[in-house]
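Here's the letter readout for the chains.
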Amino acid sequence: MVVKQVIEPILDPIFLPDSYGYRPNKSALDAVGVTRKRCWKYHWVLEFDIRGLFDNIDHELLLRAVRKHVTCKWGLLYIERWLKAPMVQEDGTRTERSRGTPQGGVVSPILANLFMHYAFDAWMARTHSDFPWCRYADDGLVHCRTEQEAETLKVELQARLAECHLEMHPTKTRVAYCKNGNVKSNYPNVQFDFLGYCFRPRGAQRRGTKIRFCGFIPAVSPSAMKAMRQTIRDLKLRCQTQLSLQDIARKLNPLLRGWIAYYGRYTPSALYPLYRYVNQTLLAWVMRKFKRFKHRTIAASQFLQRLAQTRADLLIHWQLGIIGAFA
């Protein structure tokens, strides 16, 4: 952390504005927001992902970049030691390392950003300055005017990353068509996922009017929704009848608060299936906890409906006035 605090004020100013990952005063939501606006102007996007970025950063190239900007001798000494420290396996064997940054190391994100600054960001500014791009750590997007531009750039970027001893993820890298309105039916990819959001054509309404239109809009992705439901399922709340409703709220509210703050920024209505799943979990818990509701789904649902109206302060989504169905 001390090294990070020393080198971050030196390195962060050289990073380009469209690098959003692990930087002060920048967030994943900022990256989603700028991508949303650019999708309205450019009809094609190259979505790329780097396979195992933190595990495959070349030490020689990284240290060359670090020495170019960091003059603190003891900082350089520690960074080199951390990079080259052998990995000790569970059986006690030691594995020497020639690539990769320390797993879980607080200094690893800024080192990865420095590496990607030269591997991708500065390269794009130098060779393709007319293509807007956005990168968050190892996930990135480049907006293009035509499919041919996107496909050509994909080949060039693959070669560039190979020069830096990195590899594009074969299944997570694709070209997508992102025009508003009618979708080009003969192209296989008409949507893409970025930072937990799925960008695709959706019906929308202009703010303050009743005018409906079809726009290329982000909303929580199916994979993110699945992960959130799994997190709730892992709490095993339906079986914990020894808990009170207040206890359950204390377990759920921090999760819901974070999810709503992040995934509710754009197309908040897409979170309604999550709220419904939470309500269904509560319904199953009520029917197990109280004998009078056993096998009485409608009665239990009506009980929770009244409770959500009279005690809306219990759960975050109830406070927002989102009660929905329980059954």
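Please refer to the structure higher up on the page.
Bear in mind that the values here come from a model prediction, so they are computed numbers and not experimental data.

Definitions and limits used
- The residue numbers shown here count from 1 along each chain, following its written sequence.
- The predicted origin of the model limits local features to residues at a pLDDT of at least 70 and limits the giving and counting of side-chain atom pairs to 80 or more, whereas totals for whole chains, interfaces and linings rest on all residues.
- Only heavy atoms go into the side-chain values, all of them from the structure, while hydrogens and water stay out.
- Helical segments are the DSSP runs of H or I of at least four residues, strand segments are the runs of E of at least two, and each set is numbered from the N terminus.
- Relative accessible area decides the class of each residue, using a 1.4 Å probe on protein chains only: under 20% of the type maximum gives buried, over 50% gives exposed, and in between gives partly exposed.
- It only takes one pair of heavy atoms within 4.5 Å for two residues to be counted as in contact.
- Residues are called lining when one of their atoms sits within 4 Å of a cavity or pocket point, these points coming from a 1 Å grid over the protein atoms alone, where a cavity is a set in which a 1.4 Å probe fits but cannot get out and a pocket is an open set with protein on both sides within 12 Å along at least five of seven lines.
- Grid points are joined across faces, edges and corners, and a volume is the space filled by probe spheres set on the points.
- Each Phe, Tyr or Trp ring (for Trp, its six-membered ring) is paired with any other whose centre lies within 6.5 Å, and the angle between the two planes then decides the class: stacked below 30 degrees, edge-to-face above 60, tilted in between.
- When DSSP locates at least two bridges between a pair of strands, those strands are taken to pair.
- Each axis is a line fitted through C-alpha atoms, taken for helices only over the stretch in contact, and angles between the N-to-C directions span 0 to 180 degrees.
- Remark: nonpolar core denotes a set of buried residues (Ala, Val, Leu, Ile, Met, Phe, Trp, Tyr, Cys) joined through side-chain atoms within 4.5 Å.

**Here we look at the environment of R126**
Piece 1. When you line up the elements, R126 lands in helix α6 (residues 108–127).
Piece 2. Judged by its relative accessible area of 56%, R126 falls in the exposed class.
Piece 3. When the C-alpha atoms of R126 and E80 are compared, they prove to be 29 Å apart, with 46 residues separating the residues in sequence.

**Here we look at the side chain of H169**
Piece 1. Summarising the element assignment, H169 is placed in the loop between α7 (147–163) and β6 (174–177).
Piece 2. Assessed through its relative accessible area of 17%, H169 is described here as buried.
Piece 3. Apart from residues no more than four positions distant in its own chain, H169 is found in contact with D49, I50 and R51.

**Concerning the side chain of R38**
Piece 1. Structurally, R38 is set in helix α2 (residues 28–39).
Piece 2. Residues in contact with R38, not counting those within four places in the same chain, are D18, P132, W133, C134 and H143.

**Some details on the layout of surface pockets**
Where empty space is left in the structure can be found by rolling a water-sized probe over the atoms.
Piece 1. Considering only enclosed or pocket space, the second largest pocket measures out at about 280 Å³ in volume.
Piece 2. If you list the elements that add at least two residues to the lining of the second largest pocket, you get β1 (44–49), β5 (139–144) and β7 (192–194).

**Description of the packing of aromatic side chains**
Piece 1. With the rule as written, the count across this model stands at 17 aromatic pairs.
Piece 2. Judged by centre distance (4.8 Å) and plane angle (90 degrees), the rings of Y262 and Y263 are edge-to-face.
Piece 3. Relative to Y275, the ring of Y272 lies with its centre 6.0 Å away and its plane at 45 degrees, an arrangement referred to as tilted. Residue Y272 and its partner Y275 are located together in helix α10 (residues 272–289), separated by three residues, close to a single helical turn.

**Quick word on the sheet that holds β1**
Piece 1. Taken together, the four strands give an open sheet; going across it, the order is β4-β5-β1-β6, and neighbouring strands pair in antiparallel fashion. Two strands in the sheet have a free side with no partner beyond their single neighbour: β4 (133–136) and β6. The mean inter-strand angle of the sheet, taken between neighbouring strand axes irrespective of direction, is 20 degrees.
Piece 2. By the bridge criterion, four bridges tie β1 to β6 in an arrangement that is antiparallel. Looking across to β6, one finds that L46 is bridged to V175.
Piece 3. Contacts between α7 and the sheet are confined to β1, β5 and β6, with β1 contributing the most and set at about 20 degrees to the helix.

**Examining the nonpolar core**
Piece 1. Core analysis: the largest hydrophobic core is formed by 59 residues, its most contacted members being F192 and L271.
Piece 2. If you tally residues by element for this core, the top one is α10, at nine residues.
Piece 3. Filtering out sequence-adjacent residues up to four positions away, F192 remains in contact with T35, C39, V45, E47, L141, A176, C178, Y197, C198, F199 and F216.
Piece 4. By size, the runner-up hydrophobic cluster in this structure holds 43 residues, among which are F48, A112, C144 and L166.

All quantities given are derived from atomic positions and should not be read as evidence of function.
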